[in-house]
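# Report on the structure
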Amino acid sequence: MFSNYQFYLNPLDRSFFYTRSISSVDFHRRVVLALKANWVVHFCCSTKYFWKRDNTMTNSYNIQSTIPNTLIILIAMISLCIAKPLVVNVDIAQYKYDKLTNYAELYYSFQESHLDYIRNNGLLSGALHLQVKLYSITNDSLTFNHQWRIPHSTADTTFRDNNKAVVGAIGFKIKKIKQKLVIDISDEVSGRSISIESIIEIKKFPAGQIALSDVELCLSITQNSINPIPALFKNTYEVKPRPSRHILTTYPHFYYYLEAYNLLPAKTPETYTIRTMMIGTNGQEYLHKTQQKKYKNDSSVEVGYYNLSTLPLGNYEFIFYLEDADSNLLSQASKSFIYTDPGNLAFQLRNDLIMQALDNFDMAMIDQEFDYLKYLAKTFEITAFKKLTSIHQKKYNLVEFWMKKNPMQIEPYNFRNEYLGRVNNANSRFSVGDQKGWRTDRGRILMIYGFPNQIEQFKSEIDIKPYEIWYYHKIQGGTLFVFADLSGFNNYTLLHSTHRNELFNSNWKYYLTK
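Here's what I pulled together on the structure shown here. (Residues numbered from 1 in each chain as written. Predicted model: local features only at pLDDT ≥ 70, side-chain atom pairs only at ≥ 80, totals over all residues. Heavy atoms only, no water.)

### Observations regarding the overall build of the protein
Note the cut-off: Segments assigned H or I by DSSP are reported as helices when at least four residues long, segments assigned E as strands when at least two residues long, and all are numbered from the N terminus. Under the scheme applied here, a residue whose accessible area is under 20% of the maximum for its type counts as buried, over 50% as exposed, and between as partly exposed, the area being computed with a 1.4 Å probe on protein chains only. Exposure was quantified through the Shrake-Rupley algorithm and a 1.4 Å probe, taking into account, for residues, occlusion by the shown protein chains and nothing else.
Within the protein one finds 7 helices and 28 strands. The buried share among the 514 residues of the protein stands at 53%. Of the roughly 23800 Å² that the protein leaves accessible, carbon and sulfur atoms contribute 50%.

Structure below.
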């Protein structure tokens, strides 16, 4: 399962992506500002990411991340030689295949006007190249490598429809082992490219146990279509994907597709129940639907439709429950999305990026992430969170916390990734026995203040215990933190700091004496 990725060019002017009527001069000015500034990169994932960019103004970028949930990629790249960004939406869903592999479908969409073209035989022709590689985590061996060319032609760019989306799907098998996923996407004409690395979580379909595939959000689902697109046709349906998860008031139609497996072992009694609903950021439930079905085959295709026109604008989670005749839950699946009007899309994206990162989190994962925030949260906030009993209430409370707790003054989602990355780094460096690194003194300082500019390490001597000094040159005009291994078990304790909010002890050297 995978998570969402989104890129913006200018952190100060997100509306740039949704404004068409700008001059080429103004466009070039914004591009230069975006390249000179720190580009904002959004990853909806629960672990560390790395953002690499050359110091020069190049068109190639490289991203590495670790993500556990359903992957959606929204990529915005820009070429200095043209006046339109390239935006590609990608969603991935896993389905049951056999004992050793799952079947993955990768859905993509992009606006016709966002592609670069060259004239060819009277037409303007362009293409995207999408390469997928999978590596075994155990030995780093390549388990899958394939590249797809996605061509598209138009009569003339003057008549291109800015609202026309090109959608498609590609499929491949993935082994049921922990793997690293690498996706490379490039524009054939301009050469703009991006590389994404992530650890993928394999979806499990236990034998003899009812299970559901991932949810695919769709633009439309048509049964027995006269001229179906082969790549979008499955199980008698033509399924047009909606990788962006953004549903606008101008087209409030919500379609979903998923598959249920291993139904026949539970054939007593002969019926099962499907319950679906939307859950808002406040935990309120909307648009309930219930359908009773009979067991017919070992697997079934579950499709459905909602008209969202009566739904308040905002972020939602679509929930699909499969229950037995006595209302006992057998399996469930979910997918988050935004319902908004075109003018509010940029604002809603900020919140939704974090919400999508929490897709498929269970209660324990939500509680663990909030526990990481103990160094930032106030006592009343911790108390209020502990009183929440619903996973949806906790999830939305966590989203709101990330939105408002931002001491780094950067995009909330970037801050979340940075902070959780520090958690992982602290755990890998400072864990001692059963104590996780983020709970140690060095882990706490790392999580709150980030990586130091300089570290001085002093080894153990005959009469002196080992210690180290961390220097932060840009905090309060320059601060330092002194840690020492007082116990001899590599668990360093904070002895002294010049930071005004931390422990100050001018006699810290006294504690170093053996």
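Once the structure has been displayed, the description carries forward.
### Re the sheet that holds strand 27 (residues 479-484)
Where strands meet in a sheet, backbone hydrogen bonds hold them as pairs that are either parallel or antiparallel. Under the convention used in this document: Strands were regarded as paired on the criterion that DSSP finds at least two bridges between them. Axes, fitted as lines to C-alpha atoms, cover a helix only where it is in contact. Angles between the N-to-C directions of the axes lie from 0 to 180 degrees.
Overall, antiparallel pairing links the 4 strands, which are arranged 25-26-27-28 in an open sheet. Among the strands making up the open sheet, the edge pair consists of strand 25 (454-458) and strand 28 (493-497). Averaged over neighbouring strand pairs, the angle between their axes works out to 20 degrees when direction is ignored. For strand 27 and strand 28, the ladder comprises 4 bridges, and the chain directions are antiparallel. By the bridge assignment for strand 28, Ala484 is matched with Thr493.

### What to know about the nonpolar core
Going by this rule: Here the nonpolar core consists of buried residues drawn from Ala, Val, Leu, Ile, Met, Phe, Trp, Tyr and Cys, with membership extended through side-chain atoms lying within 4.5 Å. Throughout, a contact is declared for two residues whenever any of their heavy atoms are within 4.5 Å.
Among the nonpolar cores identified, the biggest contains 40 residues, and Leu373, Trp402, Tyr419, Ile445, Trp470 and Phe481 are the most heavily contacted of them. With 7 residues, the top contributor of residues to this core is helix 6 (residues 412-430). Apart from residues no more than four positions distant in its own chain, Phe481 is found in contact with Ile445, Tyr449, Glu468, Ile469, Trp470, Tyr472, Leu494, His496, Ser497, His499 and Glu502. Counting residues in hydrophobic clusters, the runner-up holds 27 residues, among them Ile92, Leu130, Val132 and Trp148.

### Things to note about helix 7 (residues 441-449)
A turn of α-helix holds 3.6 residues, and therefore any two residues three or four places apart point the same way. Burial analysis of helix 7 places 7 of its 9 residues in the buried class, the great majority of the element. Taken residue by residue, helix 7 has Arg442, Gly443, Arg444, Ile445, Leu446, Met447 and Tyr449 as its buried positions. Against helix 3 (363-372), helix 6, strand 26 (467-472), strand 27 and strand 28 lie the buried residues of helix 7. At the exit of helix 7 stands Gly450, carrying a positive phi of roughly 85 degrees.

### A short note on the pattern of salt bridges
Keep this limit in mind: Salt bridge, as used here, is a side-chain nitrogen of Lys or Arg placed within 4 Å of a carboxyl oxygen of Asp or Glu.
Within the structure shown, the criterion is met by 17 salt bridges. A salt bridge links Lys234 to Glu105; the shortest N-O distance between them is 2.6 Å. Of this pair, Lys234 sits in strand 16 (residues 233-234) while Glu105 is found in strand 7 (residues 101-111), placing the two residues 129 residues apart along the sequence. Neither Lys234 nor Glu105 differs from the other in exposure class; each is buried. Here the salt bridges do not stand alone but share partners, grouping Glu105, Glu216 and Lys234 into one network.

### Some details on the packing of aromatic side chains
Definition in use: A pair of aromatic rings is counted whenever rings of Phe, Tyr or Trp (Trp by its six-membered ring) have centres within 6.5 Å, and the orientation is called stacked for planes under 30 degrees apart, edge-to-face for over 60 and tilted otherwise.
Under the definition given, this model contains 32 aromatic pairs. When the centroid spacing of 5.9 Å and the interplanar angle of 45 degrees are considered together, the rings of Phe415 and Tyr419 count as tilted. Here Phe415 and its partner Tyr419 are both found in helix 6, 4 residues apart, which amounts to about one turn of the helix. Here the aromatic cluster, defined as three or more aromatic residues joined through ring pairs, consists of Phe254, Tyr256, Tyr286, Tyr306, Tyr316, Phe318, Phe320 and Phe337.

### Brief notes about the packing of helix 3 against helix 4 (residues 379-387)
For the record, the criterion: Should an angle fall under 35 degrees it is taken as roughly parallel, and over 145 as roughly antiparallel, whereas 65 to 115 is taken as roughly perpendicular and any remaining angle as oblique. Ten residues, namely Ala, Val, Leu, Ile, Met, Phe, Trp, Tyr, Cys and Pro, are considered nonpolar, four, namely Asp, Glu, Lys and Arg, are considered charged, and the remaining ones, Gly among them, are considered polar.
As a packed pair, helix 3 and helix 4 sit with axes 12 Å apart at the nearest point and diverge in direction by 175 degrees. It follows that helix 3 is roughly antiparallel to helix 4 by the angle criterion. Contact with helix 3, carried on its side by Ile366, Asp367 and Phe370, involves Glu381, Ile382 and Phe385 of helix 4 and no other residues of that element. The class makeup of the residues in the contact of helix 3 with helix 4 is 4 nonpolar, no polar and 2 charged.

### Some remarks on the environment of Tyr261
Convention followed: In protein, a polar contact means a hydrogen-donor-capable atom and an acceptor-capable atom, both N or O and within 3.5 Å, with residues adjacent in sequence counting only if both atoms are side-chain atoms; elsewhere, any N or O pair within 3.5 Å suffices.
Structurally, Tyr261 can be placed in strand 19 (residues 253-261). Placed 166 residues apart in sequence, Tyr261 and Tyr95 show a C-alpha to C-alpha distance of 9.5 Å. Setting aside anything within four residues of it in sequence, one finds Tyr261 in contact with Tyr95, Lys96, Phe205, Gln209, Ile210, Ala211, Leu212, Ser213, Asp298 and Ser299. Looking at Tyr261, its side chain comes within polar contact range of the main-chain nitrogen of Lys96, at 3.2 Å.

### Describing the sheet that holds strand 23 (residues 314-324)
Taken in spatial order, the 5 strands of this open sheet run 18-24-23-20-21, and their pairing is mixed. Of all the strands in the sheet, just strand 18 (246-248) and strand 21 (285-294) have a single pairing partner and so form its edges. Between one strand axis and the next, the sheet turns through 25 degrees on average, direction left out of account. Here strand 20 (residues 271-280) runs beside strand 23; their pairing, made up of 9 bridges, is antiparallel. Along strand 23, the bridge assignment pairs Met277 with Ile319. Where helix 5 (residues 391-404) meets the sheet, it contacts strand 20 and strand 23, and its direction lies at approximately 155 degrees from that of strand 23.

### A closer look at unusual backbone geometry
A positive phi angle, close to 55 degrees, is found at Leu287, a residue other than glycine. Look at Ser327: it is not a glycine, yet its phi comes out positive at around 70 degrees.

### A look at the environment of Glu270
With respect to the secondary-structure elements, Glu270 resides in the loop between strand 19 and strand 20. For Glu270 and Ala325, which are 55 residues apart along the polypeptide, the C-alpha to C-alpha distance reads 8.2 Å. In contact with Glu270, other than residues within four places in its own chain, are Lys293, Lys294 and Tyr295.

### Some details on the pairing of strand 13 (residues 193-200)
Counting buried positions over the 8 residues of strand 13 gives 7, a clear majority of the element. Note that strand 12 (residues 179-187) and strand 13 share 8 bridges and pair antiparallel. Its bridge partner lying in strand 13, Lys180 is registered against Ile199.

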